[in-house]
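Breakdown of the fold
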Amino acid sequence: MKSKCLIFFLLLFFPIVTAFSSNDLTTEQLIQRQNQFYEQKNIEVKIKVVNTRPAKVAPKEIYLLVKCSNKRNNIQLYVGKSWQKIITSNKKSALLTSQAELLKSTNKNQFSQGVKRLLRAVFTLIDQSQGITSKYDLAQFELDKMLKPRSLSLPVTIMFGLIFMSGTYLYRKFIFKR
């Protein structure tokens, strides 16, 4: 009888407890855990979120500058000298551009999600350069999608070609008739 009551209690209690647990980490917790991971692996990198522009960026540090206001959010990424070969200015701009919609959002949840994805992309780049993986890394296809957004050069080229051909047709039809 006791075992049946215990099983019934566990079956009733387990869904209630797990329904309210959350695996969502705050940005600070995410950074803290990843910095601890880097310390365990003896990787000299320190990632910080700051509200003011750093006067000097240490060679082994990466700063994420976050300025929030009612109308606009400003996000910048500062990389120390030793990490500039891995996180180049082109990669920084591609990462920020890929998350621009979320980072410009006035909704705090979307903004937080954009910051987390940006940080996870930075973690992934660092981890790939060191040949390690952590549980906060992005999948390779997600990182590729962020670094190499879909190019619009082919559709734009086709559009300009059609405009040029129609302009040439109209020029021959109306100008040469005179």
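So, a few notes on the structure that sits alongside this text. Residue numbering note: each chain is counted from 1, following its sequence as written. Totals for whole chains, interfaces and linings use every residue, but because this is a predicted model, local features are given only for residues with pLDDT of at least 70 and side-chain atom pairs only at 80 or more, for both listing and counting. Based on all heavy atoms of the structure, the side-chain values leave hydrogens and waters out of the count.

1. Some points on helix 5 (residues 108–130)
The helix and strand labels rest on DSSP assignments: H or I over at least four residues marks a helix, E over at least two residues marks a strand, and numbering proceeds from the N terminus. Take the number of residues in a helix, subtract one, and multiply by 1.5 Å to get its expected span. Spanning 23 residues, helix 5 covers 33 Å between terminal C-alpha atoms, matching the ideal 33 Å at 1.5 Å per step. For helix 5, the N-terminal cap is N107; the gap from its side-chain oxygen to the backbone nitrogen of N109 is 3.1 Å. Whenever a nitrogen or oxygen atom comes within 3.5 Å of another N or O atom, the pair is scored as a polar contact, on the condition that within protein one atom can donate a hydrogen and the other can accept it, and that pairs from neighbouring residues in sequence are kept only if both atoms are in side chains.

2. Section: the pattern of salt bridges
By definition here, a salt bridge exists when the distance from a side-chain nitrogen of Lys or Arg to a carboxyl oxygen of Asp or Glu is within 4 Å. With the rule as written, the count across this model stands at three salt bridges. Salt-bridge contacts for K48 lead to E61; the nearest nitrogen and oxygen are separated by 3.3 Å. Highlighted residues: K48 in strand 1 (residues 46–50) and E61 in strand 2 (residues 61–68), separated in sequence by 13 residues. Across the salt bridge formed by R117 and E142, the nearest N and O atoms sit 3.8 Å from each other. Of this pair, R117 sits in helix 5 while E142 sits in helix 6 (residues 140–147), and the two are 25 residues apart along the sequence.

3. Concerning the sheet that holds strand 2
For two strands to be treated as a pair, DSSP must find no fewer than two bridges joining them. Pairing is mixed in the open sheet, where three strands are placed in the order 1-2-3. Only two strands of the sheet have a single partner each, and these edge strands are strand 1 and strand 3 (73–79). On average, adjacent strands in this sheet sit at an angle of 15° to one another, irrespective of strand direction. Pairing of strand 2 with strand 3, which is carried by seven bridges, proceeds in the antiparallel orientation. Opposite V66, over in strand 3, you have I75 as the bridge partner. What makes two residues a contact is simply this: any of their non-hydrogen atoms within 4.5 Å. Helix axes are fitted to C-alpha atoms over the stretch in contact, other axes to C-alpha atoms as well, and angles between N-to-C directions run from 0 to 180 degrees. Each of strand 1, strand 2 and strand 3 touches helix 5; the most contacted strand, strand 2, lies at about 170° to it.

4. Quick word on the nonpolar core
Here, the term nonpolar core denotes a set of buried Ala, Val, Leu, Ile, Met, Phe, Trp, Tyr and Cys residues that are joined through side-chain atoms within 4.5 Å. For the exposure calls, accessible area comes from a 1.4 Å probe over protein chains only, and a residue counts as buried if that area is under 20% of its type's maximum, exposed if over 50%, partly exposed in between. Core analysis: the largest hydrophobic core is formed by 35 residues, its most contacted members being I47, I62 and I126. Counting residues per element, the ones that place at least two in this core are helix 2 (27–40), strand 2, strand 3, helix 3 (89–98), helix 5 and helix 6. Setting aside residues no more than four positions away along its own chain, I126 makes contact with Y38, V45, I47, I62, W83 and I87.

Shape is all these values report; function is a separate question.
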